Amino acid sequence: MIDPRRFLPAVAIGGGAAGAVIAIPLLGDALRCCFCIGVMAGAGASMKLWLDTHRAENLTHAEAMTLGASSGLVSAAVTWVLSVPVRMGFGEGLAGFYASSTVLPDVARANLQALYTPSVGMMIMALPLQAALFGVMGAVGGFVALETAFKARKDAA
Amino acid sequence: MRGLRALAALVAALPWVAASSLAPSWFREGVGVTFLPLCHHWVGRVLVVGGAPMCVCSRCAGVYAGLAAGFALSAPLATGTYRRLLAVAVALAAVDVVTQDLGVHAPWHPARLATGALLGWTMAAWMVRETLRARWSPRSPASPRCG
């Protein structure tokens, strides 16, 4: 059994940074087109941080997936926690900002408005779903990172 | 292991499950809010299923469908073959993205779905394959381990 706590603080930093970027209004919205890659990149960054601080150790596939999934869970938590005050404090303003945009197509405008003005129930329901989704994407990111960027640090077991 | 694979497949299939006409509206809305931070939803790039736009664009829909399929069903390919397949999948998706955004062709859902699905399936199937391989083969005693 792999203890995910051994990947702290790397997953907190990598996953947290990815989650924060996803949650930041305007910047996150501009980069919205590639954010499942963002969660995976956060997992890759977490792996880089962990490998850099554990030079004598290598990772198995299962460990890489656990590290990635942990990073994804942190990203989900950070995104959700940051999005709550953003939605509560600035949701209406951001929704109004996007509603008045003439550049955005209707579907994108409607979705950005929905992103910042969900009901409390939907926000609560999104947390476990987001955690599961980001966890899966993080696990995929961790695996792909180990097989591509950090091949030399792969434990053959 | 099977439970985790099934869970991962189910999570990856969420956009398609939510797009089904059987999905209740509260579930559809909750899944929509979940995927909102992860996709641009540009018009013309989102599939319309049953009269309603999906919660992700067609390429993301392909990636998620591919991931779900890969978690459910992997192929007994060698590691090198999966690595080459991933490179091909990334290259095909990149070519489609670049040619589409340069205006060479209009966004075409079948191509977006197919390139996304190949990418998603390759990653998930490779993950499953390596995990199964590790379970079947005993750990080498010479493998250096610390901590």
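Being a predicted model, the structure only gives us computed values, none of them experimental.

A. Highlighting the side chain of A:Thr79. All names here are of chain A. With respect to the secondary-structure elements, Thr79 resides in helix α4 (residues 61-99). A polar contact is formed between the side chain of Thr79 and the backbone oxygen of Gly19, at a distance of 3.1 Å. Residues within four places of Thr79 in sequence aside, it is in contact with Gly19, Ile22, Ala23, Gln130 and Phe134.

B. Layout of the nonpolar core. In terms of nonpolar packing, the biggest core is built from 57 residues, with B:Tyr64, B:Leu67 and B:Phe71 touching the most fellow members. Per element, the largest residue contribution to this core is 12 residues, and it comes from helix α6 (residues 120-148) of chain A. Of all hydrophobic cores here, the second largest spans 12 residues; its members include A:Phe7, A:Leu59, A:Ala64 and A:Ala145.

C. Fine view of the environment of B:Arg133. Residue and element names in this part refer to chain B. Residue placement: Arg133 occurs in helix α6 (residues 109-136). Sequence spacing of Arg133 and Pro76 is 57 residues, and the spatial spacing of their C-alpha atoms is 9.7 Å. Here Arg133 is in contact with Leu77, Ala78 and Thr79, once residues within four sequence places are set aside. Only 3.4 Å separates the side chain of Arg133 from the side chain of Thr79, close enough to count as a polar contact.

D. Broad picture of the layout of surface pockets. Each pocket or cavity is described by its volume, and for the largest pocket that value is around 970 Å³. Along the walls of the largest pocket sit 31 residues, with A:Ala62, A:Met65, A:Thr66, B:Leu4 and B:Thr131 positioned nearest its centre. For the lining of the largest pocket, the secondary structure elements donating two or more residues are α4 and α6 of chain A together with α1 (2-12) and α6 of chain B. The greatest single-element share of the lining of the largest pocket, amounting to six residues, is contributed by α4(A). Tallied by class, residues from the lining of the largest pocket come to 22 nonpolar, six polar and three charged.

Parameters at a glance
Residues numbered from 1 in each chain as written. Chains lettered and ligands numbered in written order. Predicted model: local features only at pLDDT ≥ 70, side-chain atom pairs only at ≥ 80, totals over all residues. Heavy atoms only, no water. Helix = DSSP H or I, 4+ residues; strand = E, 2+ residues; numbered from the N terminus. Polar contact = N/O pair within 3.5 Å; in protein donor to acceptor, adjacent residues only side chain to side chain. Contact = heavy atoms within 4.5 Å. Core = buried A, V, L, I, M, F, W, Y, C linked by side-chain atoms within 4.5 Å. Buried < 20%, exposed > 50% of the residue type's maximum accessible area, 1.4 Å probe, protein only. 1 Å grid on protein atoms, 1.4 Å probe; cavity = no way out; pocket = protein on both sides within 12 Å on 5 of 7 lines; lining within 4 Å. Points joined across faces, edges and corners; volume = space filled by probe spheres on them. Nonpolar A, V, L, I, M, F, W, Y, C, P; charged D, E, K, R; others polar.

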